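Survey of secondary and tertiary structure
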Amino acid sequence: MIILGIETSCDETAAAVVKDGTKILSNVVASSAEMHIKTGGIIPEQAARQQIKSILPVIQETVDRSRLAVDQIDAIAVTSGPGLIGSLLVGVETAKTLSYVWRKPIIPVNHLVGHIYANWLKEERESGRAGENKLPQFPLIALVVSGGHTDLVYMKGHSKIELVGTTRDDAAGECFDKCARILGLPYPGGPAIAAAAARYQIPDTRYKLKMFPRPMLNENNFDFSFSGLKTAVLNEVKGKKRITHSAVKVKDVEHYAAEIQEAVCDVLVKKSLEVLERYEPKSFLLAGGVAANLRLREKISDEIKTKKLQVILHVPKPNFCTDNAASIAGCAFYNQKPIPWQKISANPGLTINS
Ligand code: KG4
Ligand code: ZN
């Protein structure tokens, strides 16, 4: 079955053609990130205006690159939420129109569940150990870490999602983005912090990156909280500025970036490991933009080995962790619930299990 996926929930305009949920025939992502660098974050109205301009050229390019005729496409999948309302509407209304004109079924996809399905895409998986080139196995645990969400879910099968833990305030990606802003690093903050952290050289091998708090780590639940970490970073950086009466020095930024990255990763890894020990799933899947973080990937892989857990780690390639339409088309294949085009609507407040 061949599905055309469309994704416009945030600042990307993406379309992809995917066969049977695993084989990418074409994949195009247009990002307006450059525009948001100037403003230090996304201005929703501007993002949506840009997406209106990009959506048809992106879809046309995707269909052209797939080398298929429109007749060969069996269905259209589109992200219906969560996300920015203006951005979601661009994708949903376009998909609706194509569904009507081409007479093809339309499949609404939850963006967060879509992220998980990057792990089913062939050639885009980076699996650990014996997992190479194997599809994820149920039951599984997935950690979905994006700009707006931090969720740990248990899946007994496709469409069978149970929320195990979530953030009580900021998402992990949001924490990276806000901390980057405090440090004067560009948007999106995650990759900027990761790059600055990579330049930091630990002064002494005994030095441990323990400057910032690890919120909720010792609480008896699987939930997260990241807003306290952001406040701790703000207080530290403000204090430093007062002492030096100048902007934070480049070397300090690199050190802070390494400390922030380590604190966020520590919490994500420790909570995930607790969930893996409790649920004993066959597969553990990373998903969402923050899963592109190399330190997070390395730490999780190391911990699974150290604790000798019998779980196979699945990690998409970095550009399939961030927003893309191939994951959306893949998700639609495995969770096929087509609806009449008249019934689809954008739903910015969707949760991962709604
Ligand atoms: O999944 P995504 O592309 O969009 C949303 O659904 O939100 O995730 C975007 C988030 C942003 O907060 C961005 O800073 C973060 O993912 N991110 C990263 C990295 N690449 C993107 N965070 C840490 N390290 C990275 N390498
Ligand atoms: Zn996303």
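Residues numbered from 1 in each chain as written. Chains lettered and ligands numbered in written order. Predicted model: local features only at pLDDT ≥ 70, side-chain atom pairs only at ≥ 80, totals over all residues. Heavy atoms only, no water.

For ligand 1, the set of nearby residues contains 19 residues, the closest of which are His115, Gly147, Asp177, Gly190 and Gly289. One of the backbone N or O atoms of Gly147 is found 2.8 Å from an oxygen atom in ligand 1. Here an oxygen atom of ligand 1 sits 2.7 Å away from a polar atom, N or O, in the side chain of Asp177. Among the elements of the structure, helix H4 (111–116), helix H5 (172–183) and helix H6 (189–199) are those that each provide at least two residues to the shell around ligand 1. Residue classes in the shell around ligand 1 are distributed as five nonpolar, 12 polar and two charged. (Near = heavy atom within 4 Å. Polar contact = N/O pair within 3.5 Å; in protein donor to acceptor, adjacent residues only side chain to side chain. Helix = DSSP H or I, 4+ residues; strand = E, 2+ residues; numbered from the N terminus. Nonpolar A, V, L, I, M, F, W, Y, C, P; charged D, E, K, R; others polar.)

Counting across every chain of the model gives nine aromatic pairs. Summarising the aromatic geometry, the rings of Trp120 and Phe138 are spaced 6.1 Å apart at their centres and angled 35° between planes, so their arrangement reads as tilted. On the criterion of sequence distance, the pair formed by Trp120 in the loop between H4 and strand E6 (125–127) and Phe138 in the loop between E6 and strand E7 (140–145) is long-range, its members being 18 residues apart. The class of Trp120 is buried, set by a relative accessible area of 2%. Note on Phe333 and Tyr334: the rings are 5.0 Å apart at their centroids and 85° apart in plane angle, and the pair reads as edge-to-face. Joined through ring pairs, the aromatic side chains of Tyr117, Trp120, Phe138, Phe333 and Tyr334 make up one cluster. (Phe/Tyr/Trp six-rings, centres within 6.5 Å; stacked < 30°, edge-to-face > 60°. Buried < 20%, exposed > 50% of the residue type's maximum accessible area, 1.4 Å probe, protein only.)

This part covers the packing of H5 against helix H8 (residues 250–279). Direction vectors running N to C along H5 and H8 enclose 165°, while the axes themselves pass 11 Å from each other. On the basis of their axis angle, the class for H5 and H8 is roughly antiparallel. Handedness of the crossing formed by H5 with H8: right-handed. Across the interface between the two elements, Ala172, Cys175, Phe176, Cys179 and Leu183 from H5 touch Val253, Tyr256, Ala257, Ile260, Gln261, Val264 and Leu268 from H8. In terms of residue class, the contact of H5 with H8 is built from 11 nonpolar, one polar and no charged. (Axes fitted to C-alpha atoms, helices over the stretch in contact; angles between N-to-C directions. Parallel < 35°, antiparallel > 145°, perpendicular 65-115°, else oblique. Left-handed = near helix turned anticlockwise from the far one by under 90°. Contact = heavy atoms within 4.5 Å.)

With that settled, consider the coordination of the zinc ion (ligand 2). The coordination sphere of the zinc ion (ligand 2), as far as protein atoms go, consists of His111 (NE2), His115 (NE2) and Asp323 (OD), spread over 2.0 to 2.1 Å. Read N to C, the donor residues that coordinate the zinc ion (ligand 2) are spaced as H-x3-H-x207-D. Here His115 and His111 lie together in helix H4, a separation of four residues that amounts to about one turn. Here His111 matches His115 in class, with each residue buried. (Donors = N, O, S within 2.8 Å, 3.2 Å for Na, K, Ca; no water.)

In this structure, Pro139 follows Phe138 across a cis peptide bond, with omega equal to -5°. Note that Pro139 resides in the loop between E6 and E7. Following Tyr187, the chain continues to Pro188 via a peptide bond in cis, the omega torsion being -5°. Within the element layout of this structure, Pro188 appears in the loop between H5 and H6. Non-glycine residue Met216 carries a positive phi angle of around 65°.

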